[in-house]
Amino acid sequence: MFRFCIFLFVLVGLISSDPTVSAQPTGLPEAGQPSAPISSSPGQLYEQAKFYFNELQNNSTLARSRENWLKGTRNFRKVYLLTPKSGQAPACLYMLGNMYRSMYERFSLGIDLEESLSYYKDASRLFPEHTLADDALYLEALLYLEFKKDPKNATIALEKIIAQYPQGDFHAKAAEKLKTLSRDYDIPLPRSLVDNSQINQLVTIHPVKFWSSPEYTRIVVMADSPVTYSEIVVKEPQGPPKKLYIDFNNSYIPPDQRRRIAVQQAFLKQMRIDQIRADTVRVFLDVDEIDSYKIFSLPNPFRIIIDVHGARQSAVTAAKKPTVGKPAGSTPASSESPQSELTDIQQQPPAAEGEKQPATAVVVIRQDQKKRLLPPPAMPKEDALPKGQSKLSLAQQLGLGVRKIVLDPGHGGKDPGAIANQMQEKDIVLKIAQILKPKLAKQLNCEVILTRNEDIFLPLEERTAIANTEEADLFISLHLNAHPSQETRGLETYFLNLSTNAEAMRVAAMENATSTHQMSDLEGILSDILKNSKIDESSRLAKYVHKSMLTGLDGKNFGDVKNLGVKQAPFYVLIGAQMPSILLEIAFISNQIDAENLKNQQFVETVTDEIVKGISLYVQTTTASLSASP
Ligand SMILES: [Zn+2]
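None of these values were measured; they are calculated from a predicted model. (Residues numbered from 1 in each chain as written. Predicted model: local features only at pLDDT ≥ 70, side-chain atom pairs only at ≥ 80, totals over all residues. Heavy atoms only, no water.)

### Examining the coordination of the zinc ion
Definition in use: For Na, K and Ca the donor cut-off is 3.2 Å; for every other metal, N, O and S atoms count as donors within 2.8 Å. Water does not enter the count, which can leave sites looking incomplete. Every helix listed is a DSSP run of H or I at least four residues long, and every strand listed is a run of E at least two residues long, numbered separately from the N terminus. Only protein chains enter the calculation, and the probe is 1.4 Å; a residue is then buried if its accessible area is under 20% of its type maximum, exposed if over 50%, and partly exposed in between.
Around the zinc ion, the protein contributes the donor atoms His-411 (NE2), Glu-425 (OE), His-479 (ND1), Glu-511 (OE) and Glu-511 (OE), at 2.0 to 2.4 Å from the metal centre. Read N to C, the donor residues that coordinate the zinc ion are spaced as H-x13-E-x53-H-x31-E. Taken together, the positions of His-411 in the loop between β14 (404-409) and β15 (419-420) and Glu-425 in helix α13 (residues 425-444) put the pair 14 residues apart, joining distant regions of the chain. The residues His-411 and Glu-425 share a single accessibility class, namely buried.

### Topic: the nonpolar core
What counts, and what does not: Here, nonpolar core refers to any group of buried Ala, Val, Leu, Ile, Met, Phe, Trp, Tyr and Cys residues whose side-chain atoms link them within 4.5 Å. Boundaries of every domain are those given by an automatic assignment or by a domain database. It only takes one pair of heavy atoms within 4.5 Å for two residues to be counted as in contact.
Within the largest apolar cluster, 77 residues are counted, with the highest numbers of intra-cluster contacts made by Ile-405, Leu-478, Ile-586 and Ile-615. Residues lining this core come from more than one domain, with at least three contributed by each of domain 2 (202-320) and domain 3 (392-628). Discounting residues that sit within four places of it in the chain, Ile-615 has contacts with Ile-405, Leu-440, Leu-444, Leu-474, Ile-476, Leu-541 and Val-545.

### What to know about the pattern of salt bridges
Formally: Throughout this description, the term salt bridge denotes a Lys or Arg side-chain nitrogen within 4 Å of a carboxyl oxygen of Asp or Glu.
Going through the model one piece at a time under the given rule, you end up with 25 salt bridges. Here Glu-596 makes a salt bridge to Lys-599, at a shortest N to O gap of 3.8 Å. With Glu-596 and Lys-599 both in helix α18 (residues 592-599), this residue pair falls three residues apart, about one helical turn. According to the relative accessible area criterion, Glu-596 is partly exposed, its value standing at 41%. On the accessibility criterion, Lys-599 (45% relative accessible area) is partly exposed. Here the salt bridges share partners, and the residues they tie into one network are Asp-247, Arg-277 and Arg-282.

### Here we look at the side chain of Glu-610
Residue placement: Glu-610 occurs in helix α19 (residues 601-628). With sequence-adjacent residues up to four places away left out, Glu-610 is seen in contact with Ser-548, Met-549 and Gly-552.

### A few points about helix α9 (residues 171-185)
Definition in use: Multiplying 1.5 Å by the residue count of a helix minus one yields the expected span of that helix. By arc we mean the arc of the directions from the helix axis to the C-beta atoms, nothing more.
Its 15 residues give α9 an end-to-end C-alpha distance of 20 Å, which sits within 8% of 21 Å, the value for a rise of 1.5 Å per residue. Every buried residue of α9 is listed here: Ala-174, Ala-175, Leu-178, Leu-181 and Ser-182. With its buried residues spanning 125 degrees around the axis, α9 presents them on a single face. Away from the buried face of α9 by more than 90 degrees, exposed residues Ala-172, Glu-176 and Arg-183 are located.

### What about the confidence of the model for the protein chain?
Which entries qualify depends on this criterion: You can read pLDDT as the predictor saying how much it trusts each residue, on a scale of 0 to 100.
Of the residues in the protein chain, 75% have a pLDDT of 70 or more, and the chain-wide mean is 78. Contacts of residues 1-37 to residues separated by more than four positions or lying in other chains number 45 contacts, the stretch itself having pLDDT below 50. Every residue in residues 313-399 is under pLDDT 50, and counting partners more than four places away or in other chains gives 136 contacts.

### Details of the sheet that holds strand β18 (residues 474-481)
Short version of the rule: Here, strands pair whenever DSSP counts at least two bridges between them. Lines fitted to the C-alpha atoms define the axes, with helices restricted to the stretch that makes contact. Angles between their N-to-C directions range from 0 to 180 degrees.
Spatially, β17-β14-β18-β21-β19-β20 is the arrangement adopted by the six strands of the open sheet, whose pairing is mixed. Looking at the sheet topology across the chains shown, the edges are occupied by β17 (447-450) and β20 (563-569). Ignoring which end each strand starts from, the neighbouring axes of this sheet average 20 degrees apart. As defined by bridge partners, β18 adjoins strand β21 (residues 581-588) across six bridges and the pair is classed as parallel. Paired with Phe-475 across the two strands is Ser-581, which belongs to β21. Packing against the sheet, helix α17 (residues 535-553) makes contact with β18, β19 (491-496), β20 and β21, and its axis sits at approximately 170 degrees to β19.

### Remarks on the packing of helix α7 (residues 133-147) against α9
The test is simple: Should an angle fall under 35 degrees it is called roughly parallel, over 145 degrees roughly antiparallel, and 65 to 115 degrees roughly perpendicular, with every other angle called oblique. Handedness of a crossing is defined here by the sense of rotation of the near helix relative to the far one, left-handed for an anticlockwise turn of less than a right angle and right-handed for a clockwise turn.
Between α7 and α9, the least distance of the axes is 11 Å, while the angle of their chain directions is 25 degrees. Of the possible angle classes, the one that applies to α7 and α9 is roughly parallel. Relative to α9, the crossing made by α7 is left-handed. Touching Tyr-138, Leu-142 and Leu-145 of α7 are Lys-173, Ala-174, Lys-177 and Leu-181, all from α9.

Right, dumping it as C-alpha cells:
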C-alpha cells in the first residue's frame, strides 16, 4: 500500500503538469458516454480516473456530493470494462475497493461497505498474481475487522496472505494481525505461524473418539503425555447450559486433525477440536442440555474422559419407576427388546492405499431413542405366549428391573490379559461370555450385549461407554485372576470404590494395565465420580453373584473353591458406569487346579449357570424391595 501511494503521488505530479488533462471533473469521460475522446488509451483513462479520485479526497467541496463519488467509480469501471485483461484491470478493482471504502467512511451507507469488500475480493481472486492481490486481501481483512466486527472472515483473508504470499510485503503485517486475533478472539493460528520449537515442547493431542445416546455422551481425548485441562460451561440466558468447552494447556493438535463433526439425532449435537491459541487445544461440545458432567484422566496411555449427562435423564428415570395404580399400558412385550442398532460413522473417507490412515473419530449412536420412554409392558397371559418363550419376569411386569445386560469379556486383541498354563485370559473369558449370554437372555428374558464377540482390543473406557450408551441395566465384566504365587486360587468379586486393601489394589492395577502408584493419582477425583455411581446396588449385585457362584461350585469335583470375598477397588472399566456394575475374577489362571477347571466344560457350564442365578436373585430382591417400599 505504501509503495502504491508513492507511485500515485508521482503520477499525480506528472498528470498535473500535463496540459492535456483537465482538473475539471466534468471534462472526464464516464462509462456509457460515447463522447469519450477516441484517442484516450486505457492507460490514460486510468490515470485520469485516479486523478479525479485524488481530487475527491483533497477537495472537500467536491467530496460533499455523493454523485461526484459515484462518477468517480464509473471512471474506474469504464477502464476495467474496456480492457478487463489489461494491466490496468486489477488496479481498477483495487481502486474501486478504495473508493467505496472512502465513501463508506464518509456517507456510512452499508451498500458502499459491501461494494468495497466485493471489489477487494475480486482483485485478489481474479488477479492472484498481481502485486496488488495481497494489498487487497489485507484491506479486505481490515474492513471485516474494523467495520463488520467479523474477526473470522478477517482471519480467512489474512491466512490467504500467509499461505499464498509468504514473500509479499504484507506477510509480516498479516502475521502480526493474526497473532492479535488469536489472542483476542481465540482464533487458531496457521501452523506456519506457530513456532516449531514451541510445538516440540507442547503435548500433542490426538483426534477424539466419542459415543452418544439420547441423553449421554462420552468423549475420550488421547494425549502423548499428561496434560492439564480446564473446562468452561457456557451459560445460556435461559434454561440449562448446552455448551461445554475443555481447554488443554500446553498442547498442540496438528491442523489435519482439527475437525468439526456434526452428529444427528443424538444427545451430542456437534463436536469440534481446534487449536485456539498457540499453546491451547479446545474441545467444543454442543449437546442437548447439560445436566451434569465428569472429566477425569486415565494413564497409560494418557487420556481424558468426558462424561456428559443430559437433563432428560431424570425424565427417563421417572419413566422407569413403577407407576402404582395406573394401567400398565398396552405396548406389546416384543417391542421392549428391539435389536439395538449401532451406527458407526467414519468421519473421513478411507485413506488411499499406501497412505497412512489417520485415526478417525468414531461416533456410535443408538437409534432406538424412544424405547426407554415407552410405558411398561403389558402383563401377557401365560397361555397366549408362543411355545418355549418364558413369561416376563416380575421385575419386567412392574416396568423396572433388567431389560438389557452388557457382558464384558476382559482384554482382547493385543491385550491377552493374564497368561499361564498355556492359556490366555482373553480367550477363556470370551468363551465364558458367549456361553453366559444365551442363558442370561433366556432366564431373565432380556437383551444381552457383549462388548466384544471376537478377539479384538477394546480400551477400558469404551466398554463402559457401550454399557452407558446402550442404557444397559447391568454391567458385568468377566476376568481371570493371576498371582505370582501359583498356590493362590479362589473366587473374588469386585465393585467400584476407593480401596485401602493392598491385594485389591494389586488386582485392580493388573486389570487397569497400570501401576498402583498411577492409580493413587486417580483417587482424588474418584470420590467425586463415585457420588453418581450406584455403589450400593453394585455391592448388592456383587454379593448375590459371588454367593451363588461359591455355593454352586462347592462340592462338585472342582476342588475346594476358595472364597476370596467381595471386594472394592478402582477398576477403570467400571468408572462412569451408570448402572450397577461388577467385575468377576472367576478363577486364577496361574493356579494348576483352577486352570484345569477352566478347561473343563462342566466347570464353565456351572459357573455361567450360577452367575445367571445370582443375577436373577439380585433382580428379584430389587423388585421385592422396591415394590414393598411406599
Ligand atoms: Zn483381566
